[in-house]
Amino acid sequence: MGPGPSNPYPEVIEAFTRPVMGHLDGAFLDLLDETCDRLRAVFRTGNTLTFPVSGTGSAGMEAAFVNVVRTGDAVVVGVNGVFGERMCDVAARCGAEVVRVDADWGEPLDPQRILDAHPAPAVIAVVHAETSTGVRNDLAELGAAKGDALLLADCVTSLGGIDVRLDDWGVDIAYSGTQKCLGVPPGLAPVSVSPRAVERMRCRPQSWYFDMGMIADYVTGGGARAYHHTAPISMIYALHAGLGVVLDEGLEESHCRHQRCGDMLQDELEARGFSLAARAGARLPQITAVRVPESRLPPSMTEADVRRTLLDHYGIEIGGGLGPWAGQCWRIGSMGHTARRRNVTLVLAALDAVLG
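Computed from a predicted structure; not experimentally measured.

Reading guide: rules and limits
Position labels on residues start from 1 in each chain and follow its written sequence. In keeping with the model being predicted, local features are shown solely for residues with a pLDDT of at least 70 and side-chain atom pairs are shown and tallied solely at 80 or more, while totals for entire chains, interfaces and linings include all residues. Values shown for side chains rest on all heavy atoms present in the structure; no hydrogens or waters enter the calculation. Salt bridges are defined as contacts in which a side-chain nitrogen from Lys or Arg sits within 4 Å of a carboxyl oxygen from Asp or Glu. Think of it in three bands: residues with accessible area under 20% of the maximum for their type are buried, residues over 50% are exposed, and the middle band is partly exposed, with areas taken using a 1.4 Å probe on protein chains only. Each helix is a run of H or I in the DSSP string that is no shorter than four residues. Each strand is a run of E no shorter than two, and both are numbered from the N terminus. Aromatic contacts are taken between Phe, Tyr and Trp rings whose centres are within 6.5 Å, Trp giving its six-membered ring; a plane angle under 30 degrees counts as stacked, one over 60 as edge-to-face, and the others as tilted. A ring is scored as having a charge over it whenever the NZ atom of a lysine or the CZ atom of an arginine sits within 6 Å of its centre and within 35 degrees of its normal. Should DSSP find at least two bridges between two strands, the strands are regarded as paired. Throughout, a contact is declared for two residues whenever any of their heavy atoms are within 4.5 Å. A fitted line through C-alpha atoms serves as each axis, taken over the contacting stretch for helices, and the angle formed by two N-to-C directions is quoted from 0 to 180°.

Caption draft 1: Region of interest: the pattern of salt bridges. The full count for this structure, using the stated rule, is 19 salt bridges. The residue Glu253 makes a salt bridge to Arg260 at a minimum N-O spacing of 2.8 Å. Taking the relative accessible area as the measure of exposure, Glu253 reaches 34% and is therefore partly exposed. For Arg260, a relative accessible area of 40% gives the class partly exposed. In this structure, Arg307 engages Glu303 in a salt bridge whose closest nitrogen and oxygen atoms are separated by 2.9 Å. Of the two residues, Arg307 and Glu303 are both situated in helix 12 (residues 303-314); the distance of 4 residues between them amounts to about one turn of the helix. Classification of Glu303 by relative accessible area gives buried; the value is 11%. A cluster of three or more residues bridged by salt bridges with shared partners is formed by Arg44, Asp163, Arg165, Asp168 and Glu252.

Structure follows, in structure tokens:
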């Protein structure tokens, strides 16, 4: 349990033991192509430019922005947590005119406020599943009414855990991470770019490493692959295996499993008198933000001491609050391989034992 890396699926661990091939080896390129096909299935998209960026979710965020944002572009960003804040920072570094639309932490963003924030933005950017607060934000309404804007979505914590439908929702650029609901260690950022967004990509973005035009020549080049960078071979083995597990289980069943575990955890926490930080109806099942019960902390223990005790004595990692919620809430993840009822039971029992 925890908001960080989930325990990998056994198939993923086995994938790391495979012999390492060269990044231009034909057998590896075939596996890379199959990995990209699996990513399209999980993103529910037909986008040709769908591939794993070599880097964590933040690398996916930067790759998404630097390839489509030009100096002076109006970029509307929905902010109701740490990662919306980070989007503002990255967009500003690209020279954008950043238009923030804020919601209170724990509250979902209002799509209409985002749509009304600027008459003609180049990009609308939203975090689908805000990891810092456990809140789900709507993408479908934004995609249906975005006009000429590109819709850019952070799907780091949503992909594999809740429904993600890039094509149906009109999402033009999405990025994710491997360490959340896909059950793969951190190290890659799956990215998908619509043909509409490809047409608007910068010919020469600020970043060489994240230049998607150059990467596309390697990833989607068919028989003529242009060398761009040395791909992390073993991580792609692992992603290939993790995506295979998710697709074998079935996306709907994976989503239902995450929902069942999240519902169980949240219901049991409330039954114990805990206060959940995210608004009912907008809570994510895979990440639960719960307010620290100050009155129930053992004598001489801080909330950080409780988290350390859970880790040291029970092998359970839960995250602390971020930003203004630091020291005020815990974030309990139930993602990927860890999203099992037995793990929910274990974390509840451990909390009971530590808090008394």
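Caption draft 2: Geometry of the packing of aromatic side chains. Counted under the stated rule, the structure contains 2 aromatic pairs. On the basis of an interplanar angle of 70° and a centroid distance of 5.6 Å, the ring pair of Trp105 and Trp325 is categorised as edge-to-face. Taken together, the residues Trp105 in the loop between strand 3 (97-102) and helix 5 (111-116) and Trp325 in the loop between strand 11 (319-320) and strand 12 (329-333) connect sequence positions 220 residues apart. Between Tyr209 and Phe210 the ring centres are 5.2 Å apart and the planes differ by 70°, which places this aromatic pair in the edge-to-face class. For Tyr209, a relative accessible area of 34% puts it in the partly exposed group. The ring of Tyr237 is capped by Arg18, whose NZ or CZ atom sits 4.6 Å from the centre of that ring. Here Arg291 stacks its cationic end above the ring of Trp325, 5.6 Å away from the centre of that ring.

Caption draft 3: Fine view of the sheet that holds strand 11. The strand order across the open sheet built from 3 strands is 10-12-11, with neighbouring strands paired in antiparallel fashion. With one partner strand each, in any of the chains shown, strand 10 (287-291) and strand 11 form the two edges of the open sheet. Along the sheet face, helix 11 (residues 251-271) touches strand 10 and strand 12 and points at about 10° away from the line of strand 10.

Caption draft 4: Region of the structure containing the sheet that holds strand 1 (residues 49-54). Judged by pairing direction, the sheet is mixed, and its 7 strands sit side by side in the order 1-9-8-7-4-2-3 without closing on themselves. Edge positions in the sheet fall to strand 1 and strand 3, since each has one partner strand and no second. Averaged over all adjacent pairs, the angle separating strand axes in this sheet is 20°, with direction ignored. For strand 8 (residues 173-175) and strand 9 (residues 188-193), the ladder comprises 3 bridges, and the chain directions are antiparallel. Counterpart to Ala174 in the pairing with strand 9 is Ser192. Sheet strands touched by helix 3 (residues 57-68): strand 1, strand 2 (74-79), strand 4 (123-127), strand 7 (150-154), strand 8 and strand 9. Its angle to strand 8, the strand with the most contacts, is close to 160°. Set on the sheet, helix 9 (residues 212-219) makes contact with strand 1 and strand 9; between it and strand 1 the angle comes to about 105°.

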